[in-house]
2 protein chains.
Amino acid sequence: MNQGQAESVSVEEHVYALCQAAREASQVLRSTPAHDKNKALLAMAEALDSRREALKQANQLDLDLARAQGLDKALIDRLALTDERIDGMIKGLSTVASLADPVGALDQVREQANGLRIGKRRTPIGVIGIIYESRPNVTIDAAALCLKAGNAAVLRGGSEARHSNAAIAGCVKDGLAVAGLPDGSVSVIGTTDRAAVGALITASKLVDLIIPRGGKSLITRISNEATIPVLKHLEGLCHVYIDAQAQSDAMAMDIAFNAKCYRYGICGAMETLLVHRDRAAAILPALVSRLVEHGVEVRGCDTVQSLVAVHPATVDDWSTEYLGPVLAVRVVNDLDEAIAHINHYGSHHSDAIVTDSLTASERFMAEVDSSSVMVNAPTCFADGGEYGLGAEIGISTDKLHARGPVGLEGLTTQKYIVIGQGQCRG
Amino acid sequence: MNQGQAESVSVEEHVYALCQAAREASQVLRSTPAHDKNKALLAMAEALDSRREALKQANQLDLDLARAQGLDKALIDRLALTDERIDGMIKGLSTVASLADPVGALDQVREQANGLRIGKRRTPIGVIGIIYESRPNVTIDAAALCLKAGNAAVLRGGSEARHSNAAIAGCVKDGLAVAGLPDGSVSVIGTTDRAAVGALITASKLVDLIIPRGGKSLITRISNEATIPVLKHLEGLCHVYIDAQAQSDAMAMDIAFNAKCYRYGICGAMETLLVHRDRAAAILPALVSRLVEHGVEVRGCDTVQSLVAVHPATVDDWSTEYLGPVLAVRVVNDLDEAIAHINHYGSHHSDAIVTDSLTASERFMAEVDSSSVMVNAPTCFADGGEYGLGAEIGISTDKLHARGPVGLEGLTTQKYIVIGQGQCRG
């Protein structure tokens, strides 16, 4: 009991020390030029490349432990560091190095009547805590994006990847040293004690933002317990609505098929298809048979069932993120019913309309309350890379600060700048 | 006991019903054209104008109760609705009506290689809960700004202003009706039961954002108890730093004097003055005597005390927001020391440098981690009106979402829009 308490205090002290070092590093990173940040990123890439064998050996320890513990195959697959994945991390670092530095950009600078020039200047957030699950490559992705945006990062990976993460952290630290950046700029919490997460998400004087990357239960737990703002990524219960004015049956079917089948497991995958009653008879039989051939189980409302052989959908289906080969389909009477369905049952992530009507597309964009609204494109495009962000730290389902795919800009904030020549007020 | 419980449940039900009505109204307001929102605002102004006597009578009830309860004079003054203050509310409504509608603006729209056009579209947040203290004019200011930004608002004023707020709410509701907008677009919680605040700040399925306007204890309590994002306005412990390269002693003195004396009680008032050691002897004796003549008590570090007769400053002075006629003064060795002092002791609100050095001003703007950074202008300019925002709902000391004075734009968010022509992924 006493020993447990002593250990727990020491975990917290360890985490606070890392956060304190990060806070100090953030003062330096706040105005570190892009050149130095890029130098560190490319040096990290070189370190990864030259230490492939050591990385794979460390990873082997994690894999052996995971197998010994009987962890499931999907998790073990995510955990594995292959040469291909090391190449991916190296490429990711060079991509982030090539992105424009968001820090220092001026926006909305206007001269007021009294001659003061007032505008906004983009600036780092400060210290960001990132909590993630088994994929060790997140260690590099998160470190790179935070650093490029001028933030210090404190990372807490899954305990099953601890040897891999420690080896990657070594490469990160070496890259920082090559560029002369503070060692505290990126820290990986080494202990697997779960108290470390609690300490990190309540270090409100030292950490400015928490980004959890993982399943819903992790995110929910962190949101509830954190005393620091949390950038959340919750469900993607995404819809495609085929409007009465869809340009062609073929386009509507292709978009719906792609939205469901590009990848079942991504948060932008369509989970419910809504079809205007005027197009249902023409589109649904052919689309459903294509989906079923592809291995998708289709569940339909009464009207859908009257048009084509499908499983019956219950009200629960409208609220379910399958993340798998299942699709709910509903026929609606009009655009109003489609929008109401999406706003009521959806998760405000990404929703699409297929239409050639300007009025319908405008209403859909204005009235659907989602982080991404697509017109004549499938929801599976919801992704920072596809959006031209270069890289993403996640997809925010929050409404404030950053919404949708979050890239470098979402890892910064803005301050007002006021430039005068001695003006006084009043 | 049983009665108390029954009452408490009914307060919560009352608040949830208002929030539910606001949620439904927000679906309409999301795409209400500016013309209709402005019509409502101007009709509210007309209602206030034509019902001055009723407003003043309602206010008299609050004033009588406040006097009977022995509330302090400053509070009673803030509570009073004079003709001048009613004129102020009317003018405020017409100002907000004249501001550009932020909703629907497109930003950063770019065509990707696959022909998808992707950008951001400004959109209302949804439902905003505002909790404020005795000034009844906040009822109008908050309602007007939220409505113009396309949000529904649920307002909870101080119990000491309940009759005034109810009378003002009547004018708001009439204005909504004239423009054909939902009655639930703006609601004022009528009950004075404190459980109403608890219900509002935990109605996380119905309310998107809480904005508390009031003292630090109110804001701290709400931040701790809310399960909804809170836009906070905490202290303004603001600094002016007179650099070695200040353009002239006169400009430096004028800026420092104005920063302290424009108004002691505003959050942008200077609380600590930092002076480079090379300029201290030339500036401090004259500046201190001007401040003392104006009634300001000056507390200085050892070096200041060696130059001019002042009270000694202790380390507590560096951390104190006086909001009154007291000023702490410290002599620093260089810009580094000034920036370190500000980032350590300040509240990250508004801080100014007086300098003619480009290098020093650039470093100050980059390294001082405050929501507003001024160059050659006093901190007391930190204000939405001065910044050209037209009106402000408050000054955010948060780093995320909105930072500094918050106007219409801070009451909105952005969604991604993706416009395709049938593109599919992969």
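Note that this is a predicted model, so its numbers are computed, not measured. (Residues numbered from 1 in each chain as written. Chains lettered and ligands numbered in written order. Predicted model: local features only at pLDDT ≥ 70, side-chain atom pairs only at ≥ 80, totals over all residues. Heavy atoms only, no water.)

A.B. asks: Let's hear about the sheet that holds strand β12 (residues 350-354) of chain A: which residues, and what values?
C.D. replies: The sheet built from ten strands is open, its strands ordered β10(A)-β9(A)-β11(A)-β8(A)-β7(A)-β12(A)-β13(A)-β16(B)-β2(B)-β1(B) with mixed pairing. The open sheet has two edge strands, β10 (311-312) of chain A together with β1 (106-111) of chain B, and neither has a second partner. Pairing analysis gives four bridges linking β1(B) to strand β2 (residues 117-124) of chain B, with the strands arranged antiparallel. The partner of L106(B) across the bridge, within β2(B), is R121(B). Together, β7 (238-242), β8 (270-276), β11 (326-332) and β12 of chain A form the strand contacts of helix α10 (residues 249-261) of chain A, whose direction differs from that of β8(A) by roughly 160 degrees. On top of the sheet, helix α11 (residues 277-293) of chain A reaches β7, β8, β9 (297-300) and β11 of chain A; it is set at about 145 degrees to β8(A), its chief contact. (Pairing = 2+ DSSP bridges. Helix = DSSP H or I, 4+ residues; strand = E, 2+ residues; numbered from the N terminus. Contact = heavy atoms within 4.5 Å. Axes fitted to C-alpha atoms, helices over the stretch in contact; angles between N-to-C directions.)

A.B. asks: Give a description of the interface of chain A and chain B that names residues and reports values.
C.D. replies: At the interface, 67 residues of chain A touch 67 residues of chain B. The junction of chain A with chain B conceals about 5600 Å² of combined surface from both sides, 52% of it contributed by carbon and sulfur atoms. Its largest share of buried area at the contact with chain B, chain A owes to L400(A), Y416(A) and R425(A), together 16% of the area lost on that side. Our count for the contact surface shared by chain A and chain B stands at twelve salt bridges. Measuring nitrogen to oxygen at the nearest pair gives 3.5 Å for the salt bridge that ties K399(A) to D208(B). On the surface where chain A and chain B come into contact, there are 40 residue pairs in polar contact (both at pLDDT 80 or more). Where the side of chain A that touches chain B is concerned, the elements lending two or more residues are α1 (2-29), β2 (117-124), α10, α15 (358-367), β13 (372-375), β15 (404-406) and β16 (412-419) of chain A. Among the elements that line the side of chain A that touches chain B, the one with the most residues is β16(A), at seven residues. Along the lines of polarity and charge, the residues of the side of chain A that touches chain B split into 28 nonpolar, 23 polar and 16 charged. (Buried area = accessible area lost by both parts, 1.4 Å probe. Salt bridge = Lys/Arg side-chain N within 4 Å of Asp/Glu carboxyl O. Polar contact = N/O pair within 3.5 Å; in protein donor to acceptor, adjacent residues only side chain to side chain. Nonpolar A, V, L, I, M, F, W, Y, C, P; charged D, E, K, R; others polar.)

A.B. asks: Describe the sheet that holds strand β6 (residues 209-213) of chain A, and please don't skip the residues or the numbers.
C.D. replies: Residue and element names in this part refer to chain A. The sheet built from four strands is open, its strands ordered β5-β4-β3-β6 with parallel pairing. Looking at strand neighbours, the two that pair on one side only are β5 (186-188) and β6, the edges of this open sheet. Sheet twist, expressed as the mean angle between neighbouring strand axes with direction ignored, is 15 degrees. Here strand β3 (residues 127-132) runs beside strand β4 (residues 152-156); their pairing, made up of five bridges, is parallel. If you follow I131 over to β4, its bridge partner there is R156. Contacts from helix α6 (residues 137-148) reach β3, β4, β5 and β6, with the element oriented near 165 degrees to β3. Lying on the sheet, helix α7 (residues 162-178) is in contact with β3 and β5; it crosses β5 at an angle near 160 degrees.

A.B. asks: Summarise the UniProt feature "domain: Aldehyde dehydrogenase" (unreviewed entry) in chain A; cite the residues concerned and give the values.
C.D. replies: Summarizing the sequence annotation, UniProt attributes the feature "domain: Aldehyde dehydrogenase" (unreviewed entry) to residues 12-291 and 318-382 of chain A in the numbering used throughout. End C-alpha atoms of residues 318-382 of chain A are separated by 20 Å, and the span's content is 34% helix alongside 25% strand. (UniProt positions renumbered as here; feature names shortened; annotations may be inferred.)

A.B. asks: Explain the packing of helix α2 (residues 34-50) of chain A against α7(A) residue by residue, including any values.
C.D. replies: In a pair of packed helices, the angle between the axes and the distance between the axes together describe the arrangement. All names here are of chain A. At a minimum axis distance of 7 Å, the contact between α2 and α7 shows a crossing angle of 135 degrees. Our classification of the angle between α2 and α7 gives oblique. In this structure, the crossing between α2 and α7 has a hand that is right-handed. Along the contact surface, α2 presents K39, A40, A43, M44, A47 and L48, while α7 presents C171, V172, G175, L176 and V178. (Parallel < 35°, antiparallel > 145°, perpendicular 65-115°, else oblique. Left-handed = near helix turned anticlockwise from the far one by under 90°.)

A.B. asks: Pulling in residues and values, what's your account of the packing of aromatic side chains?
C.D. replies: A complete count under the given rule lists two aromatic pairs over all chains for this structure. Relative to Y416(B), the ring of Y387(A) has its centre 4.8 Å away and its plane inclined at 55 degrees; by these criteria the two rings are tilted. Pair noted here: Y387(A) is in the loop between β13 and β14 (394-396) and Y416(B) is in strand β16 (residues 412-419), and the two residues belong to different chains. Its relative accessible area of 5% is what places Y387(A) among the buried residues. Here the guanidinium or amino end of R290(A) rests over the ring plane of F257(A), the centre of that ring lying 4.2 Å away. (Phe/Tyr/Trp six-rings, centres within 6.5 Å; stacked < 30°, edge-to-face > 60°. Buried < 20%, exposed > 50% of the residue type's maximum accessible area, 1.4 Å probe, protein only. Lys NZ or Arg CZ within 6 Å of the ring centre and 35° of its normal.)

A.B. asks: Tell me about the side chain of R30(B), and please be specific about residues and values.
C.D. replies: Relative to the elements of secondary structure, R30(B) occurs in the loop between α1 (2-29) and α2 (34-50). Filtering out sequence-adjacent residues up to four positions away, R30(B) remains in contact with A366(A), E367(A), D369(A), K399(A), V103(B), T123(B), P124(B), I125(B), G126(B) and G150(B).

A.B. asks: Give me the domain arrangement of chain A: which residues, what numbers.
C.D. replies: Domain parsing of chain A yields domain 1 (2-232 + 406-417) and domain 2 (238-381). On a C-alpha basis, the centroid separation for the pair domain 1 of chain A and domain 2 of chain A is 37 Å. (Domains from an automatic or database assignment.)

A.B. asks: Can you explain the confidence of the model for chain A? Please cite residues and give values.
C.D. replies: Residue and element names in this part refer to chain A. Per-residue pLDDT for chain A averages 94, and the proportion of residues at 70 or more is 98%. Counted against residues more than four places away or in other chains, residues 1-7, with its pLDDT under 50, gives one contact. This prediction of the complex comes with two scores: 0.91 for pTM and 0.91 for ipTM. (pLDDT = per-residue confidence, 0-100.)

A.B. asks: Hey, could you go over unusual backbone geometry for me, with residue numbers and the actual values?
C.D. replies: Unlike most non-glycine residues, L323(A) shows phi in positive territory, near 50 degrees. Topologically, L323(A) is positioned in the loop between α13 (315-318) and β11. L323(A) gets classed as partly exposed once you look at its relative accessible area, which sits at 39%. For H401(B), which is not glycine, the phi torsion reads 65 degrees and is therefore positive. Locating H401(B) in the fold gives a position in the loop between β14 (394-396) and β15 (404-406).

A.B. asks: Residue-level account of the pairing of β12(A), with values.
C.D. replies: Moving residue by residue along a regular strand, the side chains alternate between the two faces of the sheet. All names here are of chain A. The buried fraction of β12 amounts to five of the five residues, a majority that puts the element mostly inside the structure. The sheet contact formed by β7 and β12 spans four bridges and is parallel. Looking at β12, one finds that H239 is bridged to D351. With four bridges connecting them, β12 and β13 associate as parallel partners. Its bridge partner being in β13, I353 is matched across the sheet by V375.

A.B. asks: Please provide a residue-by-residue account of the environment of Q69(A), values included.
C.D. replies: Residue and element names in this part refer to chain A. Of note, Q69 is situated in the loop between α3 (52-68) and α4 (73-79). The exposure class of Q69 is exposed, given its relative accessible area of 54%. Between the C-alpha atom of Q69 and that of T202, which follows or precedes it by 133 residues, the distance is 31 Å.

A.B. asks: Summarise the nonpolar core; cite the residues concerned and give the values.
C.D. replies: Among the nonpolar cores identified, the biggest contains 77 residues, and I130(A), L155(A), L200(A), V207(A) and I210(A) are the most heavily contacted of them. Residue contributions to this core peak at eight residues, all from α6(A). Here I130(A) is in contact with A142(A), C146(A), V154(A), L155(A), R156(A), I211(A) and I393(A), once residues within four sequence places are set aside. Ranked by size, the runner-up nonpolar core spans 73 residues in total, among them I128(B), L176(B), A203(B) and V207(B). (Core = buried A, V, L, I, M, F, W, Y, C linked by side-chain atoms within 4.5 Å.)

A.B. asks: Break down the environment of S396(A) for me, citing the residues and quoting the values.
C.D. replies: All names here are of chain A. Examined against the element boundaries, S396 turns out to sit in strand β14. You can call S396 buried: its relative accessible area is 2%. Along the backbone, S396 and E235 are 161 residues apart, and their C-alpha atoms lie at a distance of 9.9 Å. A distance of 3.0 Å separates a polar atom in the side chain of S396 from the backbone nitrogen of D398.

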